[in-house]
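# Analysis of the macromolecular model
Residues per chain are reported as follows:
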Amino acid sequence: MLLIISCYGGGFSCMPAYLSDIFGTRQLSAIHGRILTAWGLAGVAGPSIVSYFHAQTGGYTASLYFFAACFVLNFIIAAVLKQYGQRKKETRTAL
């Protein structure tokens, strides 16, 4: 239990430095606020979704497939946004 708690706190404390490395410091507080809001919403919605699927199907398989599909969708969105950001950066440097 101590290892899990320490890993959670370590990830939480490193988040601002990680965000500043990726996005810069200009909008760090706004981005960090959005991440914390999403984290809180996931903490409320995640268990509710799991309990809904468990009540409907009697097992956890459907909820695992649902969250796996969410992760795949998240990966696709992140890849598209990364490509969009690279094109925008190339456009700015060409000007």
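All values reported here derive from a predicted model rather than from experimental measurement.

Calculation notes
Residues numbered from 1 in each chain as written. Predicted model: local features only at pLDDT ≥ 70, side-chain atom pairs only at ≥ 80, totals over all residues. Heavy atoms only, no water. Helix = DSSP H or I, 4+ residues; strand = E, 2+ residues; numbered from the N terminus. Rg over C-alpha atoms; globule rule 2.2 N^0.38 Å. Buried < 20%, exposed > 50% of the residue type's maximum accessible area, 1.4 Å probe, protein only. Areas by Shrake-Rupley, 256 points an atom, 1.4 Å probe, with all protein chains shown as cover. Phe/Tyr/Trp six-rings, centres within 6.5 Å; stacked < 30°, edge-to-face > 60°. Contact = heavy atoms within 4.5 Å. pLDDT = per-residue confidence, 0-100. Expected span 1.5 Å × (residues − 1). Bend = angle between axes of the 7 residues up to and from the residue.

### Quick word on the overall build of the protein chain
Summing up its helical and strand segments, the protein chain has three helices and zero strands in all. Tracing the protein chain from N to C terminus, the helices and strands come up as α-α-α. The C-alpha radius of gyration computed for the protein chain amounts to 18 Å, which surpasses the reference 12 Å derived for 95 residues by more than 25%, pointing to a less compact arrangement than a globule. Across its three principal axes, the protein chain shows a C-alpha extent of roughly 60 × 30 × 20 Å. For the protein chain, with 95 residues in total, the buried portion stands at 7%. Of the accessible surface of the protein chain, which amounts to about 8000 Å², a share of 69% is contributed by carbon and sulfur atoms.

### Some remarks on the environment of Ser-51
Within the fold, Ser-51 resides in helix H2 (residues 28-57). When the C-alpha positions of Ser-51 and Tyr-65 are compared, they lie 14 Å apart, and in sequence the two are 14 residues distant.

### Regarding the packing of aromatic side chains
Considering all chains together, one arrives at three aromatic pairs under this definition. Note on Phe-53 and Phe-66: the rings are 5.3 Å apart at their centroids and 45° apart in plane angle, and the pair reads as tilted. Taken as a pair, Phe-53 in helix H2 and Phe-66 in helix H3 (residues 61-94) lie far apart in primary sequence, 13 residues in all. Grouping aromatic residues by their ring pairs yields a cluster made of Tyr-52, Phe-53, Phe-66 and Phe-67.

### Here's the deal with the environment of Leu-64
By the secondary structure assignment, Leu-64 is in helix H3. In sequence terms Leu-64 and Val-50 are 14 residues apart; their C-alpha atoms lie 8.3 Å from each other.

### Examining the side chain of Ser-63
Assignment of secondary structure puts Ser-63 in helix H3. Those residues within four positions of Ser-63 in sequence are excluded, and the remaining contacts are Val-50 and Phe-53.

### Focus on the confidence of the model for the protein chain
Here the protein chain averages 86 in pLDDT, and 91% of its residues register 70 or above. Across the protein chain, H2 holds the top mean pLDDT of 91, while helix H1 (residues 2-23) sits lowest at 77.

### Concerning H2
For H2, built from 30 residues, the straight-helix expectation of 44 Å at 1.5 Å per residue is met to within 8% by its first-to-last C-alpha distance of 42 Å. Taking the largest bend as the criterion, H2 deviates by roughly 25°, centred on Ala-42. Looking only at H2, the buried set comprises Ile-31, His-32, Gly-46 and Phe-53. Phi for Gly-58, located one or two positions after H2, is positive at around 85°.

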